[in-house]
Amino acid sequence: MFKGKDIVSIRDLREEEMEKIFEIARDMIPIAKGEKREEYLRGYVLANLFFEPSTRTRMSFEAAMDRLGGKVLGFSNPSATSISKGETLADTIRMFDAYSDVIVIRHPLEGAARLAADFAEHPVINAGDGAGQHPTQTLLDIFTIVQEFGHVDGLKITLMGDLRYGRTVHSLAIALSYLDADVHLLSPRTLKMPKHIIREMKREPEIHERLEDVIEDTDVFYVTRIQKERFPDPTEYMKVAGSYSITKEHVKKMKDRAIIMHPLPRVNEIDPEVDYTPHARYFKQAFYGVPIRMAILALVLGVIE
Ligand code: NCD
């Protein structure tokens, strides 16, 4: 069911497919930690094409491939490739398609990963396309919640911060609504979730502007960075920079079992003091990127069914 599949949008995956990925990811955890050795991907090559900065996404795909015995090629600085000579995205994709078995792409333009999938014979995985989608992040985000609570349905999940330009929350809001979570959206008025995303959600989310309105009964806080690089006007950025930060004072008002997640990088949305509270899950969440990406790679390459 997975072999050769492109993962461009979270809409490409049904609930059973997500569950399958989670089941395999659970088995991959000891391999991701280096406690167990398996070489499921020996002889396979991944092309990691990063047209935008990345730490976790690029490195966790690389770690996933390395830990499973595969190899990685690609770039993180497109100016060092023929793209700087004017080569088109379609031609770049055709080349990497010829040199590898699976392509991971991050690009500043929405729709770039879909275009890559149209040109490549091999599976293409979207690692973030502008303010569009980031489906593998959504999978590791939901996996984190399931590992913590055992389920997603019925949980009050507050997505907060830059809901307008943050792509992780675009994929996540849609997926959570289909998994029957009680989704709440918290952002400054200028950074609200786009209407087209809300229309795609199964249930209408509740919208808030004040953290106080949700602090006491939220189960999962999903905090995001203000996406400075996507603001058309820097003065607009200055108006909202620093809004919606979580401090130790906020933490005191949270439910005992509430968790705080963040796709990272954080700038100042979460006070570093919060890291040492029992609510912080963002570093564990980032680790889960490795077993989740191992599972995705093994499935789309057809080495695990
Ligand atoms: C995010 C991204 O690139 O969309 N990072 C990530 O992949 N973990 C979030 C961000 O840049 O704020």
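To be clear, the structure that these remarks concern was listed above.
Reference entry: report on the structure contained in this document. This is a predicted model, so every value here is computed, not measured. (Residues numbered from 1 in each chain as written. Predicted model: local features only at pLDDT ≥ 70, side-chain atom pairs only at ≥ 80, totals over all residues. Heavy atoms only, no water.)

## Here's the deal with the overall build of the chain
When its secondary structure is counted, the chain shows ten helices and nine strands. The C-alpha radius of gyration computed for the chain amounts to 19 Å, which stays within 12% of the reference 19 Å derived for 305 residues, consistent with globular compactness. Along the first, second and third principal axes, the C-alpha set of the chain runs to 55 × 45 × 35 Å. Across the 305 residues that make up the chain, the buried fraction comes to 57%. In the chain, the proportion of contacts linking residues at least 24 apart, taken out of those at least 6 apart, comes to 70%. Computing the positive centroid from 41 side-chain charges and the negative centroid from 47, the chain places the two 2 Å apart. (Helix = DSSP H or I, 4+ residues; strand = E, 2+ residues; numbered from the N terminus. Rg over C-alpha atoms; globule rule 2.2 N^0.38 Å. Buried < 20%, exposed > 50% of the residue type's maximum accessible area, 1.4 Å probe, protein only. Contact = heavy atoms within 4.5 Å. Lys, Arg positive; Asp, Glu negative; His and termini not counted. Charge placed at Lys NZ, Arg CZ, Asp CG, Glu CD.)

## Some thoughts on the site of the ligand
The environment of the ligand is made up of T57, R106, H134, Q137, R167, T168, R225, Q227, P263, L264 and P265. The separation between a nitrogen atom of the ligand and a polar side-chain atom of Q137 is 3.1 Å. A distance of 3.0 Å is found between a nitrogen atom of the ligand and a backbone nitrogen or oxygen belonging to L264. Taking 320 Å² as the accessible area of the ligand by itself, protein coverage stands at 94%. A class-by-class count of the residues in the shell around the ligand yields three nonpolar, five polar and three charged. (Near = heavy atom within 4 Å. Polar contact = N/O pair within 3.5 Å; in protein donor to acceptor, adjacent residues only side chain to side chain. Areas by Shrake-Rupley, 256 points an atom, 1.4 Å probe, with all protein chains shown as cover. Nonpolar A, V, L, I, M, F, W, Y, C, P; charged D, E, K, R; others polar.)

## Here's the deal with the environment of M65
Within the fold, M65 resides in helix α2 (residues 56–67). In sequence terms M65 and A280 are 215 residues apart; their C-alpha atoms lie 28 Å from each other.

## Section: the pattern of salt bridges
Counted under the stated rule, the structure contains 21 salt bridges. Between E249 and K252 there is a salt bridge whose closest N-O contact spans 2.9 Å. Of the two residues, E249 and K252 both sit in helix α9 (residues 248–252), three residues apart, roughly one turn of that helix. Residue class for K252 comes out exposed when judged on its relative accessible area of 62%. (Salt bridge = Lys/Arg side-chain N within 4 Å of Asp/Glu carboxyl O.)

Taken by themselves, the reported measurements are silent on function.
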